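The lines below spell out each chain.
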Amino acid sequence: MNDQPILQVQDVTKTFGGIMALNRVSFDLHEGEILGIIGPNGSGKTTLVNCITGFINLTRGKVFFRGKNITGKAAHKIADMGVTRTFQIMRPYYSLPAYKNLVIPLFSPRAKRTGGWRGGGKLGDRNTVSIDILEEMGFERESFVPYKMASTLPTGYLKRLELARCLSLRPEIILCDEVFSGLSMSEIASMVPLIERLQMEGITLIMIEHRLRELFRVANRVMVLNFGEKLIEGTPVEVMADEKVKEAYFGSEKVEEVTGYA
Ligand SMILES: Nc1ncnc2c1ncn2[C@@H]1O[C@H](COP(=O)(O)OP(=O)(O)O)[C@@H](O)[C@H]1O
Ligand SMILES: [Mg+2]
């Protein structure tokens, strides 16, 4: 058995001028798991994703992917290794049909090497490959949803498009930055099985979420950030039982109402 974590984050620190957005955050991500990251607004969650995936430079600290130091590597190089991310604020090419948004990452060296999500090393016609991926992510082909202009798609589809963009690279890891936010309860309910399926297919996931009830259904472990620092990590039950978490995260709200956990 290979015990080496797929991702190791060590003492990651990020300052913006005088603001310490992340302060010595360390954690391991194990292959095949879903790690939930929660924390109040401004606690550094998106900054952590940006640091891991090379979208911004760290002030201090190190990140290892399968034991290889990826600290300071360019974002496209990190994505090329299979470490992908979604954006909290979606960034589709709005003036293109949904499926053309995937054709672009399908031209990347990684997609050419791997064949995309279903390619088995061979990349077929890119239009067909992207429509297949979108369909698997819930874009109804019979209603021609994959062909709709990205600018006309509701949030639920744009979030799925973010996941599909990652899948087009055949990722090893997806860091999901609030893929449930802005979605209705029924949209979230239909997204949860997609996430579970990605895990079943061997993809390792980090899920940043505010929707705790849904997150705790899928997360194997949870880490809590507060003011840029790691407060605690553990199973959902352990984390929710922690007094510091209740105070930092929920204030006066009743934990069981937010999470379904007593
Ligand atoms: N590019 C930036 N320049 C300056 N400050 C930033 C920048 N990005 C994030 N911050 C600050 O870092 C802190 C953490 O932000 P962020 O990582 O977006 O939090 P979260 O995703 O948990 O809501 C906040 O105080 C935010 O204002
Ligand atoms: Mg954020």
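Preceding this paragraph is the structure being described.
Cut-offs used in this document
Residues numbered from 1 in each chain as written. Chains lettered and ligands numbered in written order. Predicted model: local features only at pLDDT ≥ 70, side-chain atom pairs only at ≥ 80, totals over all residues. Heavy atoms only, no water. Near = heavy atom within 4 Å. Polar contact = N/O pair within 3.5 Å; in protein donor to acceptor, adjacent residues only side chain to side chain. Areas by Shrake-Rupley, 256 points an atom, 1.4 Å probe, with all protein chains shown as cover. Helix = DSSP H or I, 4+ residues; strand = E, 2+ residues; numbered from the N terminus. Nonpolar A, V, L, I, M, F, W, Y, C, P; charged D, E, K, R; others polar. Phe/Tyr/Trp six-rings, centres within 6.5 Å; stacked < 30°, edge-to-face > 60°. Lys NZ or Arg CZ within 6 Å of the ring centre and 35° of its normal. Buried < 20%, exposed > 50% of the residue type's maximum accessible area, 1.4 Å probe, protein only. Contact = heavy atoms within 4.5 Å. Axes fitted to C-alpha atoms, helices over the stretch in contact; angles between N-to-C directions. Parallel < 35°, antiparallel > 145°, perpendicular 65-115°, else oblique. Left-handed = near helix turned anticlockwise from the far one by under 90°.

## Structural notes on the site of ligand 1
By nearness alone, every residue bordering ligand 1 is listed as Phe16, Ala21, Pro40, Asn41, Gly42, Ser43, Gly44, Lys45, Thr46 and Thr47. Contact between ligand 1 and Gly44: an oxygen atom at 3.0 Å from a main-chain N or O atom of the residue. One of the side-chain nitrogen or oxygen atoms of Lys45 is found 2.8 Å away from an oxygen atom of ligand 1. Starting from 560 Å² of accessible surface for ligand 1 in isolation, the protein chains cover 59%. With three residues, the top contributor of residues to the shell around ligand 1 is helix H1 (residues 45–52). Looking at the shell around ligand 1 residue by residue, the class counts come to three nonpolar, six polar and one charged.

## Quick word on the packing of aromatic side chains
For the coordinates displayed, the defined rule picks out four aromatic pairs. Summarising the aromatic geometry, the rings of Phe55 and Phe87 are spaced 5.4 Å apart at their centres and angled 90° between planes, so their arrangement reads as edge-to-face. Of this pair, Phe55 sits in the loop between H1 and strand E4 (60–65) while Phe87 sits in the loop between strand E6 (83–85) and helix H3 (98–106); the two residues are 32 residues apart in sequence, bridging distant segments of the chain. Positioned over the ring face of Phe87 is Arg91, at 4.1 Å from the centre of the ring. The ring of Phe107 has Arg126 lying over it, and the distance from NZ or CZ to the ring centre is 3.7 Å.

## Observations concerning helix H5 (residues 126–136)
Where H5 is concerned, the buried positions are Val129, Ser130, Ile131, Ile133 and Leu134. In this structure, the buried side of H5 is in contact with H3 and helix H6 (155–167). Immediately downstream of H5, the backbone of Gly138 shows phi near 95°, a positive value.

## Looking at the packing of H3 against H6
Look at H3 against H6: their axes get within 9 Å of each other, and the N-to-C directions meet at 25°. Taken together, the axis directions place H3 and H6 in an arrangement best described as roughly parallel. Along this stretch, H3 crosses H6, giving a crossing that reads as right-handed. On H6, the residues that touch Ala98, Asn101, Leu102 and Pro105 of H3 are Leu161, Ala164 and Arg165.

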